[in-house]
Amino acid sequence: MALLPPGPTHLAVRWLHVLAMATLVGGALLCWGLLRRRAADPLPVLRTYEWLFWGAAGLAVLTGVGNLGAIAPAIPRPATSWGLAFSVKLVGVIGLLVGSTVRTMGVLDLPPDSNALPQTVLDRLRIGYAATALWLLGILVLAEVIAHG
Amino acid sequence: MAEAEPTADDQSLLVWTVASVNAALLVAVGVGLLYAAGGLGDRLAGLGTSVGVLAYGYLWGVTWWTNRRWLDALEPGLLSTDTTAVAVSVGALRWGAVAGVLVFAPAFVAVAVLVGGNAGLGALPFLALGAGIGALVAAGVGAIVGGILGLLDVVFVRASRAWLPPTEHPPRAGSETDTP
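Residues numbered from 1 in each chain as written. Chains lettered and ligands numbered in written order. Predicted model: local features only at pLDDT ≥ 70, side-chain atom pairs only at ≥ 80, totals over all residues. Heavy atoms only, no water.

Observations concerning the overall build of chain A
Our working definition: Labels follow the DSSP assignment, with helices taken as runs of H or I lasting at least four residues and strands as runs of E lasting at least two, numbered in each case from the N terminus. Note on exposure labels: buried denotes an accessible area under 20% of the residue type's maximum, exposed denotes more than 50%, and partly exposed covers the range between, all computed with a 1.4 Å probe on protein chains only. Working rule for contacts: check all heavy atoms of both residues, and any pair within 4.5 Å makes them a contact. Computed with the Shrake-Rupley method and a 1.4 Å probe, the accessible areas treat only the protein chains shown as cover for residues. Residues counted as positive are Lys and Arg, residues counted as negative are Asp and Glu, and His and the chain ends are not counted. All charge positions are set by atom: Lys at NZ, Arg at CZ, Asp at CG, Glu at CD.
Across its full length, chain A holds four helices and zero strands. Starting at the N terminus and walking to the C terminus, you meet the elements of chain A as α-α-α-α. Seen through its C-alpha atoms, chain A measures out along the principal axes to roughly 55 × 35 × 20 Å. For chain A, the residues scored as buried account for 46% of the 149 residues in total. Expressed as a percentage of contacts within chain A between residues at least 6 apart in sequence, the contacts between residues at least 24 apart total 81%. Working note: accessible area of chain A is about 7200 Å², and carbon and sulfur atoms make up 71% of it. The centroid of the 10 positive side-chain charges in chain A is displaced by 10 Å from the centroid of its 6 negative side-chain charges.

This is the structure in structure tokens:
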């Protein structure tokens, strides 16, 4: 059942997947960099990233399933090395979603004035965004394994 | 710890976050279960990319609308320390049931159009019965899933407080607080 031609649709899905991942990784690195350099007022950027993060994360999951659809029904079985990499990536994606919900709720619970934040909070935020970026890079490595073996 | 009233922007970001994570988790877990069971390839091939994108967009819209209604009605708010898990669960069950019916509806309409087109008016009693039973089952499943996701939200809030130490909240400009 296809409403649009499969070729251009799959190309658009792949392009959006790359765009979403670039937003997720680039934004996490930007937030980490701002906190590392002790920027004067990082909270507006962190909140903007959280908005973008959830749009991009939803888009990445959507287009990730779309990428699977492009090779369906010939998706390798779970017992293969491809299947193992895909399963680990899926668990990684679920872990990213859970961990990032905790991160966003933490940012939402902060006072609006960055100057009111103690250094401990800023340090933990910096570690949180670094962990987000590293986790995403791990998912990217698995995506490379899945795409190219 | 003094709590600041959430601004409209904070509430919108909270709704956006909860809705997006709910839709993404449901799809990711569903894909994982189908893959483990061996039925993912056939299901995706049958669905098609464009229909799959529309279905995900619809699910995202449903989770956004139901979570907005739920979180706007939740007093004093999901992020407040005064909000209990029971209060969260009651609203999550109710709006989960609504979401379940909304997710079931377009799938049923698609089936009804196909069956009605082939069988004509004779299929009407069968379709009405299917709609009633299907809506009940969808509401029940939606309530269970919504309740689980609501409790997960409570866990996420508590985990975020454990991660970031409590900070004094000065009142936001233009907001009213209980503290002088």
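From this point on, the discussion continues.
Some words on the interface of chain B and chain A
Heads up, the condition is: The term buried area refers to how much accessible surface (probe radius 1.4 Å) is lost by two components on association, counted for both of them together. A pairing counts as a salt bridge when a side-chain nitrogen of Lys or Arg comes within 4 Å of a carboxyl oxygen of Asp or Glu. As used in this structure description, the phrase polar contact means that two N or O atoms lie within 3.5 Å; if the pair is within protein, one of them must be able to donate a hydrogen and the other to accept it, and residues adjacent in sequence are counted only when both atoms belong to side chains. For this classification, Asp, Glu, Lys and Arg are treated as charged, while Ala, Val, Leu, Ile, Met, Phe, Trp, Tyr, Cys and Pro are nonpolar and the rest, including Gly, are polar.
Facing 52 residues of chain B, the contacting portion of chain A comprises 54 residues. In total, about 4500 Å² of surface goes out of reach between chain B and chain A, with carbon and sulfur atoms giving 77% of it. Between Asp10(B) and Arg47(A) there is a salt bridge whose closest N-O contact spans 2.7 Å. Along the contact surface separating chain B from chain A lie eight residue pairs in polar contact (both at pLDDT 80 or more). Of all elements in the fold, only helix H1 (8-37), helix H2 (40-47), helix H3 (49-73) and helix H5 (124-163) of chain B reach the threshold of two or more residues within the side of chain B that touches chain A. By residue number, the principal contributor to the side of chain B that touches chain A is H1(B), which donates 18 residues. Of the residues that constitute the side of chain B that touches chain A, the class distribution is 32 nonpolar, 13 polar and seven charged.

Quick notes on the layout of surface pockets
What counts here: Here a cavity means grid points, on a 1 Å grid over the protein atoms only, where a 1.4 Å probe fits yet cannot get out; a pocket means an open set of points with protein on both sides within 12 Å along at least five of seven lines; lining residues are those with an atom within 4 Å of a point. Grid points are joined across faces, edges and corners, and a volume is the space filled by probe spheres set on the points.
Approximately 880 Å³ is the volume found for the second largest pocket. Around the second largest pocket sit 32 residues that line it, and His17(A), Gly64(A), Asn67(A), Lys89(A) and Ala143(A) are the ones nearest its centre. Contributions of two or more residues to the lining of the second largest pocket are made by helix H1 (6-36), helix H2 (43-71), helix H3 (81-108) and helix H4 (119-148) of chain A together with H1 of chain B. Residues of the lining of the second largest pocket, tallied by class, amount to 25 nonpolar, four polar and three charged.

Looking at the pattern of salt bridges
Within this structure, the stated rule accounts for four salt bridges over all chains. A salt bridge links Arg161(B) to Asp109(A); the nearest nitrogen and oxygen atoms lie 3.4 Å apart. Of this pair, Arg161(B) sits in helix H5 while Asp109(A) sits in the loop between H3 and H4, each in a different chain. Given the relative accessible area of 19%, Asp109(A) is considered buried. Between Arg126(A) and Asp123(A) there is a salt bridge, and its shortest N-O distance comes to 3.4 Å.

Thoughts on the environment of Trp60(B)
Relative to the helices and strands, Trp60(B) resides in helix H3. The buried category is assigned to Trp60(B), whose relative accessible area is 13%. Expressed as a C-alpha distance, the spacing of Trp60(B) and Trp16(B), which sit 44 residues apart in the sequence, is 9.7 Å. Sequence-distant contacts of Trp60(B), defined by excluding residues within four places in its chain, comprise Trp54(A), Gly55(A), Gly58(A), Leu59(A), Trp16(B), Ala19(B), Ser20(B) and Ala23(B).

Regarding helix H4 (residues 85-119) of chain B
Residue and element names in this part refer to chain B. Counted only if it meets this: A helix is expected to span 1.5 Å for every residue after the first. Note on bend: the value at a residue is the angle between axes fitted to the seven residues ending there and to the seven starting there.
Over its 35 residues, H4 runs 49 Å from end to end, which matches the ideal 51 Å to within 8%, given 1.5 Å per residue. Along its length, H4 reaches its greatest deviation from straightness, about 25°, at Ala 105, and the proline Pro 106 lies no more than four positions downstream. Looking at H4, one finds that the buried residues are Val 88, Ser 89, Gly 91, Ala 92, Trp 95, Gly 96, Ala 97, Ala 99, Gly 100, Phe 108 and Ala 112. One or two positions beyond H4, positive phi appears at Gly 120, with a value near 75°.

Considering the packing of aromatic side chains
Residue and element names in this part refer to chain A. Spelled out, the test is: Each Phe, Tyr or Trp ring, with Trp reduced to its six-membered ring, pairs with another whose centre is within 6.5 Å; inter-plane angles below 30 degrees give stacked pairs, above 60 give edge-to-face pairs, and intermediate values give tilted ones.
The tally for this structure, following the rule as stated, stands at 10 aromatic pairs over all chains. Considering the side-chain rings of Tyr 49 and Tyr 129, the 5.9 Å spacing of their centres and the 65° angle between planes classify their relative orientation as edge-to-face. Residue Tyr 49 is located in helix H2, and its partner Tyr 129 is located in helix H4; the two are separated by 80 residues in the primary sequence. Like Tyr 129, Tyr 49 is buried. Both rings, one in Trp 82 and one in Phe 86, keep their centres 5.4 Å apart while their planes meet at 20°; by these two values the pair is stacked. You can see Trp 82 and its partner Phe 86 sitting in helix H3, four residues apart, about one turn around the helix. Here the two residues Trp 82 and Phe 86 agree in accessibility, since each one is buried. An aromatic cluster is built from Tyr 49, Phe 53, Trp 54 and Tyr 129, whose rings are joined through pairwise contacts.

None of this, on its own, says anything about what the molecule does.
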